[in-house]
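Breakdown of the fold
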Amino acid sequence: MSIILVTGGTGLVGKAIQHVIETEPEGSRFGKKPGEKWIFVSSSEADLRDTEQTKRLFEKYKPTHVIHLAAIVGGLYINMKCKLTFLRDNILINDNVLHTAHLTGTQKVISCLSTCVFPDKVTYPLDETKIHLGLPHESNFGYSHAKRLVDVQNRAYKDQFGCNFTSAIPTSIFGPHDNFNLESAHVIPALIHKCYLAQNNGTPFIVGGSGKPLRQFIYSRDLAKLFIWQLREYDDVEPVILSVGEDQEVSVKELTDAIVKAMNYKGEYILDTTQADGQFRKPASNKKLLSLMGEFRFTPFDEALQDTVQWFLNNYENART
Ligand code: NDP
């Protein structure tokens, strides 16, 4: 019997994993396997910044495997504003989860990092060997250092105790159940929400920055499948980048045009160049992933964006806005 505990199970990625486990055919590559029990938890069951609450959570469910997603997460502006919170809370969460997993003999933990961990000044494309080669970008200094440390911890747990702890590095994620709050959201949910307000209230649709930065976006339900693959088929401490190909970058302007189309928005939008752009681009290679996994069909970007917009419109009342 495998008991798989998903921390952060109520967030964007956690909900996507739950969706895939519940909707893919049972016994298939990404569906639920016989003998597996999946548990998705939120902060209301345990505040993972607190050691005692973390221990009680592990005592309650006795997980054999953990997909560790719980984190304080946010877009560029909140990352710039709250560097200490992003650093400290994430360090506490990660340390409690990894150490409790070690103490209770959990067989495997996959923790979720982010491409923010990579150095600001680095040769592109990013790959798994480049994480510690220089300082991360100033804009998310706190978050990225906390995430980097997980890779260091994983290696130390393996060296000293032989633990099977590893990590995944997704690029920018979007999909149903995202955080659409204008103060803290990432670029896709923030623009969807702004476009919605412009459409409904006749207010200006202002897009922060020049529109030029490029990003690699992954649909949360595709990412969910990659996590399930990594849980079942990958046993090595070295991280794996979970991403679409590096040739799939989208500019913020192209993204805004796609949102305008998906929302059927008839007005104009304004690129506000007085706002920060963040890193210009950070293409990441998915070569290692595909070489290990074989073929994988990513959902076309426009289709995934359309699904996300539709989910937002259908769930506006209950979404995180
Ligand atoms: P969300 O913000 O959607 O969800 C965060 C989850 O973490 C929620 O379930 C939340 O619980 C839980 N959580 C937050 N604080 C605590 C806490 N103190 N104790 C216990 N649980 C807590 O995040 P995402 O799904 O977007 O992110 C999942 C992972 O992916 C994170 O590790 C993130 O760093 C990483 N990532 C995200 C990217 C993105 O574009 N979104 C990009 C790259 C990496 P509750 O619902 O109760 O608040």
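Residues numbered from 1 in each chain as written. Predicted model: local features only at pLDDT ≥ 70, side-chain atom pairs only at ≥ 80, totals over all residues. Heavy atoms only, no water.

Now for the packing of aromatic side chains. The full count for this structure, using the stated rule, is 18 aromatic pairs. When the ring of Phe180 is compared with that of Phe312, the centres are 4.6 Å apart and the planes differ by 35°; the resulting orientation is tilted. Here the residue Phe180 occupies a position in the loop between β6 (172–174) and α6 (187–201), and Phe312 occupies one in helix α10 (residues 301–314), the gap between them amounting to 132 residues. With relative accessibility at 0%, the residue Phe180 sits in the buried group. Residue class for Phe312 comes out buried when judged on its relative accessible area of 0%. An aromatic cluster is present here, built from Phe180, Tyr196, Trp311, Phe312 and Tyr316 joined pairwise through their rings. (Phe/Tyr/Trp six-rings, centres within 6.5 Å; stacked < 30°, edge-to-face > 60°. Helix = DSSP H or I, 4+ residues; strand = E, 2+ residues; numbered from the N terminus. Buried < 20%, exposed > 50% of the residue type's maximum accessible area, 1.4 Å probe, protein only.)

Bringing the pattern of salt bridges into the picture now. Enumeration according to the criterion identifies 15 salt bridges in this entry. Here Arg29 and Glu233 are joined by a salt bridge, their closest N and O atoms 3.2 Å apart. Here Arg29, found in the loop between α1 (12–23) and β2 (36–40), pairs with Glu233, found in helix α7 (residues 220–233); they are 204 residues apart in sequence, far enough to count as distant. Residue classification places Arg29 among the partly exposed positions, given a relative accessible area of 32%. The partly exposed category is assigned to Glu233, whose relative accessible area is 42%. Here Lys83 and Glu138 are joined by a salt bridge, their closest N and O atoms 3.3 Å apart. Pair noted here: Lys83 is in helix α4 (residues 83–103) and Glu138 is in the loop between β4 (108–112) and α5 (141–161), with a separation of 55 residues, a long-range link. One continuous salt-bridge network, built from bridges that share partners, spans Asp47, Arg49 and Asp89. (Salt bridge = Lys/Arg side-chain N within 4 Å of Asp/Glu carboxyl O.)

What follows deals with a nonpolar patch on the surface. A contiguous nonpolar surface patch, about 200 Å² in accessible area, is contributed by Ile91, Leu149 and Val152. Within the element layout of this structure, Val152 appears in helix α5. (Patch = residues over 30% accessible without salt bridge, like charges linked within 9 Å, V, L, I, M, F, W, Y side chains within 5 Å. Areas by Shrake-Rupley, 256 points an atom, 1.4 Å probe, with all protein chains shown as cover.)

Our focus in this paragraph is the packing of α6 against α10. Axis separation between α6 and α10 bottoms out at 11 Å; the angle between their running directions is 55°. Here α10 runs oblique to α6, going by the angle between their axes. Considering how the two elements wind past one another, α6 and α10 form a crossing that is right-handed. Facing α6, whose interface residues are Ile188, Ile192, His193 and Tyr196, α10 presents Phe301, Leu305, Thr308, Val309, Phe312 and Leu313. Tallied by class, the residues present in the contact of α6 with α10 amount to eight nonpolar, two polar and no charged. (Axes fitted to C-alpha atoms, helices over the stretch in contact; angles between N-to-C directions. Parallel < 35°, antiparallel > 145°, perpendicular 65-115°, else oblique. Left-handed = near helix turned anticlockwise from the far one by under 90°. Contact = heavy atoms within 4.5 Å. Nonpolar A, V, L, I, M, F, W, Y, C, P; charged D, E, K, R; others polar.)

A separate point is the state of the cysteines. In this structure the tally under the stated criterion is zero disulfides. Summary of cysteine pairing: Cys112 is not part of a disulfide, and the nearest cysteine sulfur, belonging to Cys116, is at 11 Å. (Disulfide = S-S within 2.5 Å.)

Right, let's get into the site of the ligand. Contacts to the ligand come from 29 residues, most closely from Thr10, Ser43, Leu69, Tyr143 and Arg320. Between the ligand and Ser43, the relevant distance is 2.5 Å, taken from an oxygen atom to a side-chain nitrogen or oxygen of the residue. In the model, an oxygen atom of the ligand is placed 2.5 Å from a nitrogen or oxygen of the Tyr143 side chain. For the ligand, the accessible surface in isolation is 910 Å², of which the surrounding protein chains cover 87%. At the level of secondary structure, the elements contributing two or more residues to the shell around the ligand comprise α1, α5 and β6. Grouping the amino acids of the shell around the ligand by side-chain chemistry returns 15 nonpolar, ten polar and four charged. (Near = heavy atom within 4 Å. Polar contact = N/O pair within 3.5 Å; in protein donor to acceptor, adjacent residues only side chain to side chain.)

Before going further, it helps to examine the nonpolar core. The biggest cluster of nonpolar side chains holds 33 residues, and the ones touching the most others in it are Ile17, Trp38, Ile67 and Phe227. For this core, the secondary-structure elements that each account for two or more residues are β1 (2–7), α1, β2, β4, α7, β10 (240–242) and α9 (287–293). Membership of the second largest hydrophobic core comes to 29 residues, among which are Ile3, Leu57, Val66 and Ile241. (Core = buried A, V, L, I, M, F, W, Y, C linked by side-chain atoms within 4.5 Å.)

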